[in-house]
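Letter by letter, the chains look like this.
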Amino acid sequence: MTRIRSILIALVLLTTLSSPALAASTSGTTNVSVRVPEFIVLHYYSGITLNFNAPTAEAIDEGSNSFDADWSGNTSGNGLDANDLMTASLELDGTKTSVRLNNVWAVRGFSTSGNARVDVTTPSDKLQNGSSEIKMSNVKVSDDAQNGSTITVKLNGISKSRATTGNIEMDLDFSNTTRSGSHTGGEYTITATTI
């Protein structure tokens with residue numbers, strides 16, 4: 001009897017396990033969107049020193065000259081005239097020197113157009129050492145393709161390795177420079193704006 005009972009239980013279990021299961025299934029699709037904020041990073045130097053090289057001394061032979069002298073020690077004749085002096089290795093004579101500071105700013109971030117506007121202004125255009133003065137003018141931002149007081153550049157996202165780098169260009173006027181040493185006080189301001 002026990003054996004028959006075991007066979008019956010085994011048959012019931014086999015029948016139950018071998019019948020197909022009725023499964024219920026459903027699915028849904030979710031639309032995903034991400035809202036990216038406008039964001040901009042400006043990298044810049046808060047201080048820049050330009051170190052100009054020049055010979056420490058130079059002697060220029062202006063040829064020979066003769067003067068008339070009397071026995072009292074008075075002389076007459078033409079000496080050196082500032083307008084006729086020979087050229088030295090460093091000559092400015094009131095002209096401006098154009099300077100380009102390469103890769104002194106960078107921008108990265110997000111904007112609705114993927115671009116940013118970069119502006120430069122000059123709050124203080126005079127560098128001074130006492131009464132000696134250097135004047136900055138014609139200050140521009142550039143990115144090797146364009147230059148001006150305002151340019152439009154690509155942001156390229158927030159990765160540091162993809163940041164857009166740029167330059168500053170300016171003219172320096174040494175016509176009122178009379179002293180060596182550090183001349184300070186000049187400033188330019190870079191502003192980066194998402195567009």
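Keep in mind it's a predicted model, so treat the numbers as computed, not measured.

**Digging into the overall build of the protein chain**
Right, so step 1: Along its length, the protein chain carries one helix and eleven strands.
Right, so step 2: Across the protein chain, helices and strands are ordered from the amino to the carboxyl terminus as α-β-β-β-β-β-β-β-β-β-β-β.
Right, so step 3: The buried share among the 195 residues of the protein chain stands at 23%.
Right, so step 4: Residue pairs at least 24 apart in sequence account for 81% of intrachain contacts in the protein chain once pairs closer than 6 positions are excluded.
Right, so step 5: Split by element, the accessible area of the protein chain, about 14,700 Å² in all, is 51% carbon and sulfur.

**A few points about the nonpolar core**
Right, so step 1: Ranked by internal contacts, the top residues of the largest apolar core, which has 22 residues, are Trp105, Val118, Ile168 and Met170.
Right, so step 2: It is strand S4 (residues 96-110) that provides the largest number of residues to this core, a total of five residues.
Right, so step 3: If near-sequence neighbours (up to four positions away) are discounted, Val118 is found in contact with Trp105, Val107, Val141, Ser149, Thr150, Ile151, Val153, Ile190 and Thr191.

**Digging into the side chain of Ser111**
Right, so step 1: Structurally, the position occupied by Ser111 is in the loop between S4 and strand S5 (115-124).
Right, so step 2: Ser111 gets classed as buried once you look at its relative accessible area, which sits at 15%.
Right, so step 3: A distance of 2.9 Å separates a polar side-chain atom of Ser111 from the backbone nitrogen of Gly114.
Right, so step 4: Within the local environment of Ser111, its side chain forms a polar contact with the backbone oxygen of Ile195, the two atoms lying 3.0 Å apart.
Right, so step 5: Beyond its immediate chain neighbours, meaning those up to four positions away, Ser111 contacts Glu38, Leu155, Thr194 and Ile195.

**Some thoughts on the pattern of salt bridges**
Right, so step 1: For the structure shown, the criterion picks out four salt bridges.
Right, so step 2: Here Asp144 makes a salt bridge to Arg100, at a shortest N to O gap of 2.3 Å. Linking Asp144 in the loop between strand S7 (132-142) and strand S8 (147-148) with Arg100 in strand S4, this pair joins segments that are 44 residues apart in sequence.
Right, so step 3: The closest approach of N and O atoms between Asp125 and Lys135, which form a salt bridge, is 3.2 Å. Of the two residues, Asp125 is situated in the loop between S5 and strand S6 (126-129) and Lys135 in strand S7; the sequence distance between them amounts to ten residues.
Right, so step 4: In this structure Lys135 comes out as partly exposed when scored by relative accessible area, which is 33%.
Right, so step 5: Several salt bridges share partner residues, and in doing so they unite Arg100, Asp144 and Glu169 into one network.

**Here's the deal with the environment of Leu42**
Right, so step 1: Mapped onto the elements, Leu42 comes out in strand S1 (residues 39-44).
Right, so step 2: Classification of Leu42 by relative accessible area gives partly exposed; the value is 27%.
Right, so step 3: Distance from Leu42 to Val107, taken between C-alpha atoms, is 4.7 Å for residues 65 residues apart in sequence.
Right, so step 4: In contact with Leu42, not counting residues within four places along its chain, are Trp105, Ala106, Val107, Ile190 and Ala192.

**A closer look at the packing of aromatic side chains**
Right, so step 1: Enumeration according to the criterion identifies one aromatic pair in this entry.
Right, so step 2: Relative to Phe174, the ring of Phe52 has its centre 5.5 Å away and its plane inclined at 85 degrees; by these criteria the two rings are edge-to-face. Pair noted here: Phe52 is in the loop between S1 and strand S2 (68-69) and Phe174 is in the loop between strand S10 (164-173) and strand S11 (187-194), with a separation of 122 residues, a long-range link.

**Points about the layout of surface pockets**
Right, so step 1: Size it by volume and the largest pocket reaches roughly 1,100 Å³.
Right, so step 2: Lining the largest pocket are 35 residues; nearest its centre among them are Leu50, Phe52, Leu127, Ile134 and His183.
Right, so step 3: Mapped by element, the contributors of at least two residues to the lining of the largest pocket are S4, S7, S10 and S11.
Right, so step 4: Each residue belonging to the lining of the largest pocket can be placed in one class, and the counts come to 17 nonpolar, 16 polar and two charged.

Cut-off values and rules
- Residues numbered from 1 in each chain as written.
- Predicted model: local features only at pLDDT ≥ 70, side-chain atom pairs only at ≥ 80, totals over all residues.
- Heavy atoms only, no water.
- Helix = DSSP H or I, 4+ residues; strand = E, 2+ residues; numbered from the N terminus.
- Buried < 20%, exposed > 50% of the residue type's maximum accessible area, 1.4 Å probe, protein only.
- Contact = heavy atoms within 4.5 Å.
- Areas by Shrake-Rupley, 256 points an atom, 1.4 Å probe, with all protein chains shown as cover.
- Core = buried A, V, L, I, M, F, W, Y, C linked by side-chain atoms within 4.5 Å.
- Polar contact = N/O pair within 3.5 Å; in protein donor to acceptor, adjacent residues only side chain to side chain.
- Salt bridge = Lys/Arg side-chain N within 4 Å of Asp/Glu carboxyl O.
- Phe/Tyr/Trp six-rings, centres within 6.5 Å; stacked < 30°, edge-to-face > 60°.
- 1 Å grid on protein atoms, 1.4 Å probe; cavity = no way out; pocket = protein on both sides within 12 Å on 5 of 7 lines; lining within 4 Å.
- Points joined across faces, edges and corners; volume = space filled by probe spheres on them.
- Nonpolar A, V, L, I, M, F, W, Y, C, P; charged D, E, K, R; others polar.

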